Amino acid sequence: MKFNLDGLAVYFPYDRIYLEQYQYMRALKQTLDAGGHCLLEMPTGTGKTVCLLSLITSYQMANPNNCGKLVYCTRTVPEMNSVMEELGVVLSYREERMRLDAGAPDGAP
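What you are looking at is a predicted structure, and each value in this text was computed from that prediction instead of being measured.

1. Some words on the packing of helix H2 (residues 48-62) against helix H3 (residues 77-103)
- The contact between H2 and H3 brings their axes to 10 Å, and the two run at 50°. Taken as axis vectors, H2 and H3 run oblique relative to one another. Taken as a pair, H2 and H3 cross one another with a handedness that is right-handed. Taken together, the residues of H3 that come into contact with H2 (itself represented by Thr49, Val50, Leu53, Ser54, Thr57, Ser58 and Met61) are Val83, Glu86, Leu87, Val90, Leu91, Arg94 and Met98.
- Split by residue class, the contact of H2 with H3 holds 8 nonpolar, 4 polar and 2 charged.

Printed below as a string of structure tokens:
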């Protein structure tokens, strides 16, 4: 799904988003807008990775000259591999959605 978060088009690769995920992304966006640093925590299994990657990649695309680095830490290589896999899902969805939006008549969603 593509949705607007305080003026930012966010590409989220799943059909549904939970309130906690939306709140997580909103807090992260507010920190990025303020130019600060952020440390966010959510329980296991709540979709932290997809939220973070969806928001950051959307933000970077909208603000290519005004977005710093994302430092993503994991404990193990398999965890990092999982993150990279999820990043592939997010970027593939964004590319597909942008291609569809570009072909839509009159900019329809």
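More follows now that the structure is in view.
2. Structural notes on the side chain of Glu86
- Residue placement: Glu86 occurs in helix H3.
- For the buried residue Glu86, which engages in no salt bridge, the nearest side chain bearing the opposite charge is Lys48, 11 Å off.
- Once you skip the residues sitting within four places of it in the chain, Glu86 turns out to touch Tyr14, Thr49, Val50 and Leu53.

3. Description of the pairing of strand E2 (residues 8-11)
- Pairing of strand E1 (residues 2-5) with E2, which is carried by 4 bridges, proceeds in the antiparallel orientation. Across the sheet, the residue bridging to Phe3 is Val10, located in E2.
- In this antiparallel pair of consecutive strands, E1 and E2, the connection spans 2 residues, and Asp6 shows a positive phi of 50°.

4. Quick notes on the packing of aromatic side chains
- What the rule picks out here adds up to 2 aromatic pairs.
- Ring geometry for Phe3 versus Tyr22: centroids 6.1 Å apart, planes at 45°, classification tilted. Of the two residues, Phe3 is situated in strand E1 and Tyr22 in helix H1 (residues 19-34); the sequence distance between them amounts to 19 residues.
- With a relative accessible area of 15%, Phe3 lands in the buried category.
- Ring plane angle 75° and centroid distance 5.9 Å describe the contact between Phe12 and Tyr14, whose orientation is recorded as edge-to-face.
- Overall, Phe12 belongs to the buried group, its relative accessible area being 1%.

5. Remarks on unusual backbone geometry
- Here Asp6, not a glycine, exhibits a phi torsion of approximately 50°, which is positive.
- Position of Asp6 relative to the elements: it lies in the loop between E1 and E2.
- A relative accessible area of 39% places Asp6 in the partly exposed class.

6. Examining the side chain of Asp101
- Counting through the fold element by element, Asp101 comes out in helix H3.
- Reaching out from Asp101, the side chain makes a polar contact with the side chain of Lys2 at a distance of 3.1 Å.

7. Some details on the pattern of salt bridges
- Under the counting rule described, the total for this entry stands at 5 salt bridges.
- Between Asp6 and Arg26 there is a salt bridge; the shortest N-O distance is 3.0 Å. Here the residue Asp6 occupies a position in the loop between E1 and E2, and Arg26 occupies one in helix H1, the gap between them amounting to 20 residues.
- Ionic pairing is found between Arg97 and Asp101, a salt bridge with its closest N-O pair at 2.9 Å. Linking Arg97 with Asp101, this pair stays in helix H3, spanning 4 residues, or about one helical turn. The pair formed by Arg97 and Asp101 is uniform in burial state, with each residue classed as buried.

Calculation criteria
Residues numbered from 1 in each chain as written. Predicted model: local features only at pLDDT ≥ 70, side-chain atom pairs only at ≥ 80, totals over all residues. Heavy atoms only, no water. Axes fitted to C-alpha atoms, helices over the stretch in contact; angles between N-to-C directions. Helix = DSSP H or I, 4+ residues; strand = E, 2+ residues; numbered from the N terminus. Parallel < 35°, antiparallel > 145°, perpendicular 65-115°, else oblique. Left-handed = near helix turned anticlockwise from the far one by under 90°. Contact = heavy atoms within 4.5 Å. Nonpolar A, V, L, I, M, F, W, Y, C, P; charged D, E, K, R; others polar. Buried < 20%, exposed > 50% of the residue type's maximum accessible area, 1.4 Å probe, protein only. Lys, Arg positive; Asp, Glu negative; His and termini not counted. Salt bridge = Lys/Arg side-chain N within 4 Å of Asp/Glu carboxyl O. Pairing = 2+ DSSP bridges. Phe/Tyr/Trp six-rings, centres within 6.5 Å; stacked < 30°, edge-to-face > 60°. Polar contact = N/O pair within 3.5 Å; in protein donor to acceptor, adjacent residues only side chain to side chain.

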